[in-house]
Amino acid sequence: SMEATIDHTGPISANVADNALLLEVLAGADGFDSRQQSVQVDDYCAALGDGVEGLRIATLREGFGQLGFEPEVDDAVRNAAARFAKLGAKVSEVSIPEHRTAGALLGPILQAAIVQMFYTEGMGVGREDQYVGSLAEHNRGTRDRADELPATVKTLLFGTEIIRRRYGWHYYAKAMNQVRRVRARYDRALEDLDVLLLPTTPMTAPVLPGPDAARSELVAAAFAPTANTQPFNLTHHPALSIPCGIHGVLPIGLMLIGRAWGEATLYRAAHAFEASDSE
């Protein structure tokens, strides 16, 4: 029986156990979403407390030294890897060069997201899903207020439209096919490893650009922190971010990546790390 409760007044979860419980409640096929295939769920809370003895963890070399990185962030994450070793994990380093270029696939792939958000009102047309008519009506009004959209969204709208007019859907198709190759590259590394470890963002939370900042500055500020997260948004490997240090007054995030449907292993590792922080 699970008697834990989630504090709804704060973030989605304040600790690893709450996060595992939340996923345990939400995970699984919903019976409506046609994109869900062979969904696997686990007893995530049961993985808590198992420790990391013998767990194979590797720092992902290309996840460090990203553009705009802060040395203090990289150092804190490497120190976290050393802490895992002290807890009994087998810690090593792995190189996956594709990690540095995978984020570039997002550009043409966003063609589909822009079309769905602004041309089909957020509805995944052509699928037997459960549709929310009120959402379609709400999104329909966005086009009439397009000038109020943030600079990042405007840039994506113009960029994807230019790609469509010049090349059609050629690069979308090419990028989606490349995602399979990149996914297979991470999968090969995870055949001999249980967890990949890298900074969640290369830097701590940056100062927001001012109201008169150039569009280029706004776009750069928005996308620079996502260098390590973008690839896994595309490949769908489970990822979990946990705090591993402080730089000044700002928290540093440590990201753990696991095999497909391997969330329980991530919770096992994260819970052990969290517990060691209070020892």
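Here, every reference points to the structure presented above.
Presented here is a report on the structure given in the accompanying data block. (Residues numbered from 1 in each chain as written. Predicted model: local features only at pLDDT ≥ 70, side-chain atom pairs only at ≥ 80, totals over all residues. Heavy atoms only, no water.)

1. A short note on the overall build of the chain
The condition that has to hold: Secondary structure elements are taken from DSSP: a helix is a run of H or I of four residues or more, a strand is a run of E of two residues or more, and numbering for both begins at the N terminus. In this setup the radius of gyration rests on C-alpha atoms only. A globule is expected at 2.2 Å times the number of residues raised to 0.38. Three labels apply to residues, based on accessible area from a 1.4 Å probe with only protein chains included: buried if under 20% of the type maximum, exposed if over 50%, partly exposed otherwise in between. By definition, residues are in contact when any of their heavy atoms lie within 4.5 Å. Accessibility throughout is a Shrake-Rupley quantity obtained with a 1.4 Å probe, and a residue counts as covered only by protein chains that appear here. The charged-residue count follows a simple rule in which Lys and Arg add positive charge and Asp and Glu add negative charge, with His and chain termini not counted at all. In this description, the location of a charge corresponds to atom NZ of lysine, CZ of arginine, CG of aspartate or CD of glutamate.
Assigned secondary structure in the chain consists of 10 helices and five strands. In terms of C-alpha radius of gyration, the chain reaches 20 Å, essentially the compact-globule figure of 19 Å for 279 residues. Reported as C-alpha extents along the three principal axes, the dimensions of the chain are approximately 55 × 45 × 40 Å. Per-residue burial for the chain yields a buried fraction of 36% across its 279 residues. Looking at the chain alone, contacts between residues at least 24 apart form 75% of all its contacts between residues at least 6 apart. Here the chain displays about 16100 Å² of accessible surface, and carbon together with sulfur accounts for 54% of that area. Across the chain, the centroid of the 25 positively charged side chains sits 11 Å from that of the 35 negatively charged ones.

2. Comments concerning the pairing of strand β2 (residues 90-94)
So the rule is basically this: Strand pairing is defined by DSSP finding a minimum of two bridges between the two strands. Orienting the strands away from the viewer, one traces the path from the first strand over the helix to the second; a clockwise path indicates a right-handed crossover.
For strand β1 (residues 56-60) and β2, the ladder comprises five bridges, and the chain directions are parallel. Each residue of the ladder has a partner; that of isoleucine 57, found in β2, is valine 91. A crossover connection joins β1 to the parallel β2 through helix α2 (residues 71-86); in handedness this β-α-β unit is right-handed.

3. As for the nonpolar core
Rule in force here: Side-chain atoms within 4.5 Å link the members of a nonpolar core, which is a set of buried Ala, Val, Leu, Ile, Met, Phe, Trp, Tyr and Cys residues.
Among the nonpolar cores identified, the biggest contains 53 residues, and Phe84, Leu254 and Leu256 are the most heavily contacted of them. In terms of residues, this core owes the most to one element, helix α10 (residues 263-277), which gives seven residues. In contact with leucine 256, not counting residues within four places along its chain, are Phe84, Val195, Leu196, Leu197, Pro238, Ala239, Leu240, Ile242, Leu266, Ala269 and Ala270.

4. Remarks on the side chain of threonine 160
The residue threonine 160 is located in helix α6 (residues 151-167) in this model. Excluding residues that lie within four positions of it along the chain, threonine 160 makes contacts with Gly107, Leu110, Gln111 and Ile114.

5. What about the packing of aromatic side chains?
Cut-off, in case you're wondering: In summary, the pairing rule links any two rings of Phe, Tyr or Trp, Trp by its six-membered ring, whose centres are within 6.5 Å, and it sorts them by plane angle into stacked for under 30 degrees, edge-to-face for over 60 and tilted for everything else. For a ring to carry a charge above it, either NZ of a lysine or CZ of an arginine must fall within 6 Å of the ring centroid while also lying within 35 degrees of the normal to the ring plane.
Applying the stated criterion across every chain yields a total of five aromatic pairs. The ring of phenylalanine 64 carries arginine 78 above its face, with NZ or CZ at 3.9 Å from the centroid. It is arginine 83 that lies over the ring of phenylalanine 273; its NZ or CZ is 3.8 Å from the centre.

6. Quick look at the packing of α6 against helix α8 (residues 215-223)
Cut-off, in case you're wondering: An axis is simply a line fitted to the C-alpha atoms; with a helix, the fit covers only the stretch in contact. Between two such axes, the angle follows the N-to-C directions and lies from 0 to 180 degrees. Here roughly perpendicular refers to angles of 65 to 115 degrees, roughly parallel to angles under 35, roughly antiparallel to angles over 145, and oblique to all remaining angles. Asp, Glu, Lys and Arg are counted as charged, while Ala, Val, Leu, Ile, Met, Phe, Trp, Tyr, Cys and Pro are counted as nonpolar; the rest, among them Gly, fall into the polar class.
With their axes 9 Å apart at the nearest point, α6 and α8 run at an angle of 95° to one another. If you check the angle between α6 and α8, you find them roughly perpendicular. On α8, the residues that touch Ala151, Thr152, Thr155 and Leu156 of α6 are Arg215, Leu218, Val219, Ala222 and Phe223. Here the contact of α6 with α8 is built from residues that sort into six nonpolar, two polar and one charged.

7. Details of the packing of helix α4 (residues 106-118) against helix α7 (residues 170-191)
Let me state the cut-off plainly: Left-handed describes a crossing whose near helix is turned anticlockwise from the far helix through less than a right angle; right-handed describes the clockwise counterpart.
Packing of α4 against α7 brings their axes to within 8 Å, and their N-to-C directions diverge by 115°. Relative to α7, the element α4 lies roughly perpendicular. The way α4 lies across α7 gives a crossing that is left-handed. Between α4, through Pro108, Ile109, Gln111 and Ala112, and α7, the contact on the second element is made entirely by Tyr171, Tyr172, Ala175, Met176 and Val179.

8. Notes on the layout of surface pockets
Convention followed: Cavity means a closed set of points on a 1 Å grid over the protein atoms alone, one where a 1.4 Å probe fits but cannot get out, pocket means an open set with protein on both sides within 12 Å along at least 5 of 7 lines, and lining means a residue has an atom within 4 Å of a point. Grid points are joined across faces, edges and corners, and a volume is the space filled by probe spheres set on the points.
Here the largest pocket defines a volume of roughly 800 Å³. Taken together, 24 residues form the lining of the largest pocket, with His236, His237, Pro238, Trp261 and Glu263 sitting closest to its centre. With three residues, α10 is the single largest residue contributor to the lining of the largest pocket. In this structure, the second largest pocket spans a volume of roughly 610 Å³. Contributing to the lining of the second largest pocket are 18 residues, with Arg35, Ile109, Tyr172, Met176 and His236 lying nearest its centre. For the lining of the second largest pocket, the elements supplying multiple residues, two or more each, are α4, α7 and α9 (230-235). Counting residues per element, the lining of the second largest pocket draws most heavily on α4, which supplies six residues.

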